[in-house]
Amino acid sequence: MGYSYSNIRKRCDTRQDSKKGSAGMQKLILLSRIPHKNQKLLLIRNRLKENSYKKQMQEISREKSADRNSCKKTAISRTNRNRKKKSRKRKRGKIMKRRGRWHKILALGLAAVFTVGALAGCGSKSGSSSSKGYRTLDEIKKSGTIRIGVFSDKSPFGYVDDDGNYAGYDVYFAERLGKDLGVKIKYVSTEAASRVEYLQTGKVDVILANFTVTDERAKQVDFAKPYMNVGLGVVSHDSRVITDMSQIKDDDQVIVISGTTAETYLTKNYPNIKQQKFDTYAAAKSAFENGTGVAWANDNTEVIAFAKANPGYTVGIDSLGDPDTIAPAVTKGNSTLLKWINEEIETLGKENFFHKDYEATLTSTYGADYEDTLVIEGGKSSN
């Protein structure tokens, strides 16, 4: 087959090559082999080149246009999505603001309801404890439990025994109170300096912790009738027995427990004597045994008990100042509970209850000689 125009045309129309591209490109490939002598064929080849180039440029232009349109659509789509998101956020924000306002209104309403309920409860029997700082006798009976503050480390008056139970002279009395009142007892361990606070804050209903009656304390709590006599005493080391307060030198220290009548008495009557103060009975006892002070001033019942239980110490002063009494104490103004305890003490006096208490808890410490001196029956003190 020669390079005649008809043969070339026929070959261009019939030959297809998927790997090389369109039919126009195939024509260009074939025409490029035609000798330039044939001007007619050259013109045809040039036209085909131009047409093929135009088609290519058109295809490129269409592709670019399609890309631009696609980018525009994508940008528009993104913009629309962002606008929708912002719109949804604004709507949610408005909804949350409205909800927040309603929540505040609802919270204020509930707070008002609870406040009204609490105020209304204060006028009821169950609310009088929180408003006045104490529980009345009826409230204690209704609860089924009375809270009594006692010492946990001051033997033989209030302490925890080897079995983990509270015991002592004050605890013996407390057990009878709970029994006659018909309620269970919840013992609350207290220190000397915490007795008034525990009553004022409502932590306890009654204090039975070797509590000496004084005019100053009577301004803060209400004392019931007494059940024991007490005075101040001073115990010292056998190597240097203090029999008079004048024997204490300027550099000497006397141990006392914070919140006790011994601290008050020494501060008022012997301001020049240096006091070494401790918060607990156990801490004072340990310091005295380690030689911290030349003497220890406390209730005479306690220093006598200490000297009897610990060889090497002597009670050189067994009565310092005026004699005092020990009594139960309740929160100031708790008249119903105070009245019941007073009546109970009078009733117990008819059966010599406190002599029985002494014999059960104190005889092993003080012996029988101190029984009539220390015990008060029926709230009637001889002092």
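See the structure above.
Here is what the cut-offs are and how they apply
Residues numbered from 1 in each chain as written. Predicted model: local features only at pLDDT ≥ 70, side-chain atom pairs only at ≥ 80, totals over all residues. Heavy atoms only, no water. 1 Å grid on protein atoms, 1.4 Å probe; cavity = no way out; pocket = protein on both sides within 12 Å on 5 of 7 lines; lining within 4 Å. Points joined across faces, edges and corners; volume = space filled by probe spheres on them. Nonpolar A, V, L, I, M, F, W, Y, C, P; charged D, E, K, R; others polar. Helix = DSSP H or I, 4+ residues; strand = E, 2+ residues; numbered from the N terminus. Polar contact = N/O pair within 3.5 Å; in protein donor to acceptor, adjacent residues only side chain to side chain. Contact = heavy atoms within 4.5 Å.

Brief notes about empty space enclosed by the protein
In this structure the tally under the stated criterion is two cavities of 30 Å³ or more. Taken as a whole, the second largest cavity encloses approximately 60 Å³ of empty space. Contributing to the lining of the second largest cavity are Lys154, Arg195, Asn210, Thr212, Arg217, Thr260, Thr261, Asn298, Asp299 and Glu302. Partitioning the lining of the second largest cavity into residue classes produces no nonpolar, five polar and five charged.

Examining the layout of surface pockets
Estimated volume of the largest pocket: approximately 550 Å³. Broken down by secondary-structure element, the contributors of at least two residues to the lining of the largest pocket are helix 7 (195–200), helix 8 (215–218), helix 9 (261–269) and strand 12 (313–326). Examining the composition of the lining of the largest pocket, we find that five residues originate from one element, helix 9, more than from any other. Classifying every residue of the lining of the largest pocket gives eight nonpolar, eight polar and seven charged.

Some thoughts on the side chain of Asn210
Here Asn210 lies in the loop between strand 6 (206–207) and helix 8. A polar contact of 3.4 Å, which involves the side chain of Asn210, links it to the side chain of Asp299. If near-sequence neighbours (up to four positions away) are discounted, Asn210 is found in contact with Phe151, Lys154, Phe157, Asp170, Arg195, Tyr227, Asp299, Thr301, Glu302 and Ile326.

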